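# Inside the fold
So you can see what is in the structure, the chains are spelled out below.
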Amino acid sequence: MEGIPDDPELRGIIPNAFQHIFDHVALKGPNETYLVRASYFEIYNEEIRDLLMSSTTTHKTNLELRESVDAGVYVKGLTTHVVKSFDEIHQIMVSGNKNRSVGATLMNAGSSRSHSIFSIVIECSVRDEDGSTSSKGGRRDDHIRVGKLNLVDLAGSERQSKTGATGERLKEATKINLSLSALGNVISALVDGKTQHIPYRDSKLTRILQDSLGGNTKTVMCANAGPAEYNYDETISTLRYANRAKNIKNKPVINEDPKDALLREYQNEIEKLKSQLTGLGGIKDALDRSSAAQTQRKTSEYSTSMELESERKQSAEEKKVLEHKLKEEAKSREEIEQQRLQLQQKLRDMEAQLMTGGEIADKAAKQEAELRKAQQELIAKQEAEMALARQMAEKEEANFQLNEQYSSLQEACQSITKKLKKLWKKYQYAKADIDDLNREFQLERTDLLETIRVLNKQMKLKDLIIDSFIPPKVRWLPKR
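The model shown is predicted, which means the values in this text are computed figures rather than measured ones.

Definitions and cut-offs
- Residues numbered from 1 in each chain as written.
- Predicted model: local features only at pLDDT ≥ 70, side-chain atom pairs only at ≥ 80, totals over all residues.
- Heavy atoms only, no water.
- Helix = DSSP H or I, 4+ residues; strand = E, 2+ residues; numbered from the N terminus.
- Buried < 20%, exposed > 50% of the residue type's maximum accessible area, 1.4 Å probe, protein only.
- Contact = heavy atoms within 4.5 Å.
- Areas by Shrake-Rupley, 256 points an atom, 1.4 Å probe, with all protein chains shown as cover.
- Phe/Tyr/Trp six-rings, centres within 6.5 Å; stacked < 30°, edge-to-face > 60°.
- Lys NZ or Arg CZ within 6 Å of the ring centre and 35° of its normal.
- Salt bridge = Lys/Arg side-chain N within 4 Å of Asp/Glu carboxyl O.
- Pairing = 2+ DSSP bridges.

Attention now goes to the overall build of the chain. Along the backbone of the chain there are 13 helices and 12 strands. Among the 480 residues that make up the chain, the fraction classed as buried is 29%. In the chain, once contacts between residues fewer than 6 apart in sequence are set aside, the share between residues at least 24 apart is 71%. Of the roughly 32500 Å² of accessible surface on the chain, 54% is carried by carbon and sulfur atoms.

Given below as structure tokens:
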């Protein structure tokens, strides 16, 4: 999935997905503004942990799931970072991977003990070609679209007989298998089409992925299968799992002008800061003009009063009052200037988080993005041509069978024999699939029974320790 990030030819699906996002932004026009946010978390023993926090804090954090009408299902208190380049978002994934829960088993020295979800939210604001924007109530009303990409790394299903898991590892494996079983039930219910209830609430994994499975989305599953005969049963089970996910049929539509778009809040805040800066500039100019007029008027009055010896004392008092007032006005101007600088810095920080279409300084980088886009379009066109050729071949074969006429009984017998052989082969394949399913069921049943026996043994041992070392009176004392 990740490949070798430093080599463009050997990059995996995830780095290429990151690159595709920022190539898309680079090739758009200046009338489009983008906001890209990323978050990374894992589900460990049915607990949600933020992977972008420090390792000491992460292991103590159990985040909660919440649901709202606008945002749907979300994780409360999850860390979100605004990113503007491939390097930034890749660095977030690298730092999050360091905090993931891993452990050693007999099958894998660095086995994932949790499901991880890397979530990317992309918001796009589109203005008219002439740069004008409509407004309602004096506010911006740009056309906003929002998309979300969930990259999910599922921990593999484990059999205790092969992994040799005990203690904490066994508990982790049990939680992993339960969540994967819940996910399989959700996929089966979605594929069935007749089921009225989809069991999303059976697991936190399925609850979080509710929109990604049966919502306004497209779902892709990549299966990791091994060629070794030792892993034959796991390979068949994994392929069947992925095949069920492939049969999910959704019809996604563009998510336009959502109420919870953060880009709209950013744009409104930027407009508000600009208006405040304009107001502060007008106040500062008015103070300067007022101060200059008062200084000129008081100076002329002071020069006139100096000619009159009888008013010398009064002029000195007026001079002190004038100097004090000038000091207060200078202090007010300094405060306004400081507020203006703070607002300008805040405005620059907010504008720095947004990206404008085509905003690439390096011309070579933009040409490289255009080349990658052309290659992707060529591959898509080739795949479409191959699919069309397959459809034409299937239609020709169907028409040939319908219009088939035989010149002799022997020719008809040969054709029917050929069809029977094909049907017999399909029957054998179906029978083999049924045998595989039965064998897989028996293996899972045996593995579950073995897990139950191990857990019962551990419970009996704990009960024996409690009965032997803890007096009955102390055992049932209420906790304080």
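Don't stop here, the text continues.
With that settled, consider the packing of aromatic side chains. One pass over the full model with this rule turns up three aromatic pairs. Judged by centre distance (5.1 Å) and plane angle (65 degrees), the ring pair of Tyr-40 and Phe-118 falls under edge-to-face. Pair noted here: Tyr-40 is in strand β1 (residues 32–44) and Phe-118 is in strand β8 (residues 115–126), with a separation of 78 residues, a long-range link. Following the ring pairs from residue to residue traces out a cluster consisting of Phe-18, Tyr-40 and Phe-118. A cation over a ring is seen here: Arg-11 above Phe-86, with NZ or CZ 4.7 Å from the ring centre.

One can find Thr-206 in helix α6 (residues 204–208). Placed 22 residues apart in sequence, Thr-206 and Gly-184 show a C-alpha to C-alpha distance of 9.4 Å.

Bringing the pattern of salt bridges into the picture now. Applying the stated rule across the entire model yields 12 salt bridges. Of the charged contacts, one joins Arg-49 and Glu-47 as a salt bridge, the two residues approaching to 4.0 Å between their closest N and O atoms. In this structure, Arg-240 and Asp-433 form a salt bridge, with 3.8 Å as the shortest nitrogen-oxygen distance. With Arg-240 in helix α8 (residues 232–246) and Asp-433 in helix α12 (residues 409–469), this pair connects stretches of sequence that are 193 residues apart. Residue Arg-240 is classed as partly exposed on the basis of its relative accessible area of 21%. On the accessibility criterion, Asp-433 (38% relative accessible area) is partly exposed. What you see here is one network of salt bridges that share partners, running through Glu-67, Arg-201 and Arg-207.

Take the pairing of strand β2 (residues 47–50) next. Two strands pair when backbone bridges link them, and β1 and β2 are joined in this way by four bridges, in the antiparallel orientation. What sits directly across from Glu-42, in β2, is Arg-49. Hairpin connection of β1 to β2: two residues between the antiparallel strands, including Asn-45 at a positive phi of 55 degrees.

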